[in-house]
Amino acid sequence: MTSINNVINGGYCVGCGNCAFLTKGKMNINEYGEYVPNIELKTNYKDEINRSCPSLHPEINEYEISNKLYSKNCSYDDHLGYYNQLYAGHVVEGDFRTNGSSGGMGTWILIELLKQKLIDGVILVAKKEKRKDKEPFFEYKISKNFDEIKNASKSKYHVVEFSKILNLIQNKNEKYAFIGIPCMCKSIRRIQLINKEFSIKIPYVISLICGHLKSVNWTFSLAWGSGIEPYKLETLDYRTKSKDTNPRSYILKLQSKDNKTKFINSKNIAGGKFNSGAMMLNACNYCDDVVGETSDLTIGDAWLEKYKKENMGKNLIITRNSTINKIIKNAEKEQRISLDQITTKEAIDSQIGCFNQRRQGLSYRLKIKEKKSEWVPKKRVSANDFKPNMLRKLIFKTRMEISSKSRELFIKSLKQNNYEVYKKPLSKILFKLRFLEILNRIIIKITKT
């Protein structure tokens, strides 16, 4: 029988914190910069723990959860899950768009829910205060005013856990909106199934579109690659932008503890190009949810050709909750936000790279596990659903190699206090991936003409 031990020992834990909350355990950061549970598996907790884990009980998958929540008022698509409306848009009022990673819709909707007194606070990821050198840079917090929510805007490519937050709110008579990546939203829905009180306490769940989750060590590697020693990094903004910046460029802003500030394009750092997969959690290799199908609202980047000149960013917006959809439509009428209705194809195309990784790529990775007779969480995609060609297989395999080797290489580089121990061997594999990706694009272009 599979259990939480299979998940932890197999490297499939996303570090959400559900099991730690249920057992009064703790979530610790391991040497790879990833959250792992430190829990005592008591018999009377076992069923609840397994049902709370997003990698177990496949019958409580994203489709089954969302079907009960949204099927009455929504359409369904195999990639997007249930949806009420599909938009591309951005915030017009205030400085939401300027201060956000993309169109500013994430921060705007949270503040709007608070303004309309539909919630008492927001459970969100914000800067960790008074952190020690090796500790995470960000953590889940509760924010109850507009300034705190605004200060927590922008993407954080960084592991987080919320066991402490669940402990904090369980005895409070308050309502919150939760915002996180798809696996975290699914974890919240699992807790709500176990304890109905959390359905009342967290009436709104909002998801960010997710490519994958990065370890704390990835952030340290970005600092080192930019010339700041890992433990001398004070703060990092993963995506700055301006009117002259390509919205697809990830321009880092790093500040050291001696107040030196650096700006650098992350693609110029070994492993810094996000989709190469450096220091990606292994669990992300076995995820099939790109858009947070269990959430009331999904927000991401609208990576579409027609918006490529929108340097300040454009959001992809997927609504499933009628209250949130009404708030958005009313704000559009008041010209506080700008919306374009888009098709399901456009919504999918805007994140096609992620869908390829979570459909074709997942099928291929499951096939590898099947051949080795190794346990893997059961997903909605199976090993035989897709048959990628040899070039695509090489791309998927090389990304997996980058993910696994970057973890080990960075540990070695820290121990030897030598960045080149990480950079040199990883750069060779990254060059291979780049060559394969360019070759794949050329072949796609030729076949289309």
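On a predicted model such as this, the values are computed, not experimentally measured, just so you know.

(A) Quick peek at the side chain of Arg189. Turning to its location among the elements, Arg189 is positioned in helix α9 (residues 182-194). Side-chain polar atoms of Arg189 contact the backbone oxygen of Thr294, separated by 2.8 Å. Residues contacting Arg189, with those up to four places away along its chain left out, are Ile65, Leu69, Tyr70, Val205, Thr294, Ser295 and Asp296.

(B) Up close: the packing of helix α16 (residues 390-416) against helix α17 (residues 420-448). Where α16 meets α17, the closest approach of the two axes is 9 Å, and the angle between their N-to-C directions is 165 degrees. Taken together, the axes of α16 and α17 are roughly antiparallel relative to one another. Where α16 crosses over α17, the handedness of that crossing is left-handed. For the contact of α16 with α17, the class distribution of residues is 16 nonpolar, five polar and seven charged.

(C) Focus on the pattern of salt bridges. Applying the stated criterion to the full structure yields 27 salt bridges. Close ionic contact of Glu34 with Arg407 constitutes a salt bridge, the shortest N to O distance being 2.9 Å. Taken together, the positions of Glu34 in the loop between β1 (26-29) and β2 (35-38) and Arg407 in helix α16 put the pair 373 residues apart, joining distant regions of the chain. Its relative accessible area of 10% is what places Glu34 among the buried residues. As a salt-bridge pair, Asp288 and Arg380 come within 3.1 Å of each other at their nearest N and O atoms. Of this pair, Asp288 sits in the loop between β12 (261-265) and β13 (297-301) while Arg380 is found in the loop between α15 (360-372) and α16, placing the two residues 92 residues apart along the sequence. With relative accessibility at 2%, the residue Asp288 sits in the buried group. Classification of Arg380 by relative accessible area gives partly exposed; the value is 26%.

(D) Quick peek at the pairing of strand β8 (residues 176-180). Where burial is concerned, most of β8 is hidden: five out of the five residues are buried. Residues Tyr176, Phe178 and Gly180 point to one face of β8 and Ala177 and Ile179 to the other, with burial holding for every one of them. For strand β6 (residues 121-127) and β8, the ladder comprises three bridges, and the chain directions are parallel. Note on β8: the bridge partner recorded for Ile123 is Phe178. Where β8 and strand β9 (residues 204-208) come together, four bridges link them in parallel fashion. Across the sheet, the residue bridging to Ala177 is Tyr204, located in β9.

(E) Summary view of the packing of aromatic side chains. All chains considered together, the criterion is met by 22 aromatic pairs. With a centroid separation of 5.0 Å and 50 degrees between ring planes, the pair formed by Tyr157 and Phe274 is classed as tilted. One end of the pair, Tyr157, is in the loop between α7 (146-151) and α8 (163-169); the other, Phe274, is in the loop between β12 and β13, and 117 residues separate them in sequence. You can call Tyr157 buried: its relative accessible area is 13%. With centroids separated by 6.0 Å and ring planes inclined at 45 degrees, the aromatic side chains of Tyr419 and Tyr422 adopt a geometry described as tilted. By relative accessible area, Tyr419 is classed as buried at 12%. Residue class for Tyr422 comes out buried when judged on its relative accessible area of 0%. By the ring-pair criterion, three or more aromatic residues cluster together here, those being Phe138, Tyr157, Trp218, Tyr238, Tyr250 and Phe274. Positioned above the aromatic ring of Phe96 is the side chain of Lys150, whose terminal nitrogen or guanidinium carbon lies 4.9 Å from the ring centre.

Calculation rules
Residues numbered from 1 in each chain as written. Predicted model: local features only at pLDDT ≥ 70, side-chain atom pairs only at ≥ 80, totals over all residues. Heavy atoms only, no water. Helix = DSSP H or I, 4+ residues; strand = E, 2+ residues; numbered from the N terminus. Polar contact = N/O pair within 3.5 Å; in protein donor to acceptor, adjacent residues only side chain to side chain. Contact = heavy atoms within 4.5 Å. Axes fitted to C-alpha atoms, helices over the stretch in contact; angles between N-to-C directions. Parallel < 35°, antiparallel > 145°, perpendicular 65-115°, else oblique. Left-handed = near helix turned anticlockwise from the far one by under 90°. Nonpolar A, V, L, I, M, F, W, Y, C, P; charged D, E, K, R; others polar. Salt bridge = Lys/Arg side-chain N within 4 Å of Asp/Glu carboxyl O. Buried < 20%, exposed > 50% of the residue type's maximum accessible area, 1.4 Å probe, protein only. Pairing = 2+ DSSP bridges. Phe/Tyr/Trp six-rings, centres within 6.5 Å; stacked < 30°, edge-to-face > 60°. Lys NZ or Arg CZ within 6 Å of the ring centre and 35° of its normal.

All quantities given are derived from atomic positions and should not be read as evidence of function.
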